[in-house]
Amino acid sequence: MFALDASRSMDFASEGITKLDYARTLAACLAHLSAGQRDRVGAAVFAAEVSEYVPPSVRHRRLVLTALDRAKPEEAGDPVRPLQQIADSVTRRGLVVIVSDLYAEPDRLIEAAGRLRGRGQDVIVFHVLDPAEVHFPFDVPHSFEDLETGERLPVTPDEMREDSLGHLEGHVAELARRLTEQKVDHELILTSTPLDAALFKYLSFRTRRLKAHS
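Structural notes, computed from the coordinates. Model, not experiment: these values are computed from the prediction. (Residues numbered from 1 in each chain as written. Predicted model: local features only at pLDDT ≥ 70, side-chain atom pairs only at ≥ 80, totals over all residues. Heavy atoms only, no water.)

1. Observations concerning the pairing of strand β4 (residues 95–100)
Alright, step 1. Judged by how many residues are buried, β4 sits mostly within the fold: six of six residues are covered.
Alright, step 2. On β4, burial covers both faces: Leu 95, Val 97 and Val 99 on one face and Val 96, Ile 98 and Ser 100 on the other are all buried.
Alright, step 3. Across three bridges, strand β1 (residues 2–5) lies against β4 in parallel orientation. In the sheet register, Phe 2 faces β4, and the bridge partner there is Val 97.
Alright, step 4. Of the pairings in the sheet, the one linking β4 to strand β5 (residues 122–129) comprises six bridges and is parallel in character. Following the sheet pairing, Leu 95 is matched in β5 by Asp 122.
Alright, step 5. Note that the unit made of β4, helix α4 (residues 106–118) and β5 has a crossover that is right-handed. (Buried < 20%, exposed > 50% of the residue type's maximum accessible area, 1.4 Å probe, protein only. Helix = DSSP H or I, 4+ residues; strand = E, 2+ residues; numbered from the N terminus. Pairing = 2+ DSSP bridges. Right-handed = clockwise from strand over helix to strand, strands pointing away.)

2. Thoughts on the pairing of β5
Alright, step 1. Burial within β5 is extensive, with eight of its eight residues counted as buried.
Alright, step 2. Here β5 shows no split at all, with Asp 122, Ile 124, Phe 126 and Val 128 on one side and Val 123, Val 125, His 127 and Leu 129 on the other all buried.

3. Looking at the packing of helix α1 (residues 19–36) against helix α2 (residues 61–69)
Each pair of packed helices gets described by two things: the angle between the helix axes and the distance between those axes.
Alright, step 1. In contact at an axis separation of 10 Å, α1 and α2 are set at 175° when each is read in the N-to-C sense. Relative to α2, the element α1 lies roughly antiparallel. Seen from α1, the contacting residues are Arg 24, Ala 27, Ala 28, Ala 31, His 32, Ala 35 and Gly 36; seen from α2, they are Arg 61, Val 64, Leu 65, Leu 68 and Asp 69.
Alright, step 2. Broken down by class, the residue content of the contact of α1 with α2 amounts to seven nonpolar, two polar and three charged. (Axes fitted to C-alpha atoms, helices over the stretch in contact; angles between N-to-C directions. Parallel < 35°, antiparallel > 145°, perpendicular 65-115°, else oblique. Contact = heavy atoms within 4.5 Å. Nonpolar A, V, L, I, M, F, W, Y, C, P; charged D, E, K, R; others polar.)

4. Notes on the sheet that holds strand β8 (residues 185–190)
Alright, step 1. In space, the six strands of this open sheet follow the order β3-β2-β1-β4-β5-β8, with mixed pairing throughout. At either end of the open sheet lies a strand with only one pairing partner, and these are β3 (50–57) and β8. Between one strand axis and the next, the sheet turns by 15° as a mean value, whatever way the strands run.
Alright, step 2. Pairing of β1 with strand β2 (residues 41–46) involves four bridges; the strand directions are parallel. For Asp 5, the partnering residue across the bridge sits in β2 and is Phe 46.
Alright, step 3. Where α1 meets the sheet, its contacts fall on β1, β2, β4, β5 and β8, and the angle it forms with β1 comes to roughly 170°.

5. Topic: the pattern of salt bridges
Alright, step 1. Taken as a whole and assessed by the stated rule, the structure comprises 13 salt bridges.
Alright, step 2. Among the salt bridges present, the one from Arg 108 reaches Asp 78, with a minimum N-O distance of 3.0 Å. Of this pair, Arg 108 sits in helix α4 while Asp 78 sits in the loop between α2 and α3 (80–89), placing them 30 residues apart in sequence.
Alright, step 3. Among the salt bridges present, the one from Arg 178 reaches Glu 174, with a minimum N-O distance of 3.1 Å. (Salt bridge = Lys/Arg side-chain N within 4 Å of Asp/Glu carboxyl O.)

6. Structural notes on α2
Alright, step 1. Taken residue by residue, α2 has Val 64, Ala 67 and Leu 68 as its buried positions. The buried residues of α2 occupy one face: seen down the axis, they fall within an arc of 95°. With respect to the buried face of α2, the exposed residues turned more than 90 degrees away are Arg 62 and Asp 69. (Arc of directions from axis to C-beta.)

Structure, rendered in structure tokens:
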């Protein structure tokens, strides 16, 4: 099951590709690869709720790719409730691949991941961020827009850089630690990362998963 975050915050690009376009391309590549190995594949596209759901099947590759292709960042939302909906929808043990920028409170995200694990799912999270979110390269005053709420705030980069980077680093580190404790793989992926690197991480995860279940 490939769970794609299509909330408004994913519609960001400092240059080149948006987080959503990178995430959908990554999910499509992984789905195509999995279907080629005769896996049952499905998809869930979400923002505040799951907006499109394709149940896993060996015959659903085209439906999955179509659902991922037409995902649009039309509303605000975070991954927590949709992941709980996905957990409640799965009826067989399998693998859930979450592709999201994970902008939500860590406690709530961990609870949602735990719900998936409690339903017998293996879970891998691709935490997709834009390089500007990680490096904060801005050096002149800007008016920044919150993509989830539409609110605009004037910002002086020198005053905000340290707080912004410290908060993000802490958020990513806490999620990585606590997801690992839940036996969930967490992979931070920047949109500047070549897709083959992300594919390698996924294949490595599958290999470990197969060994664990053999």
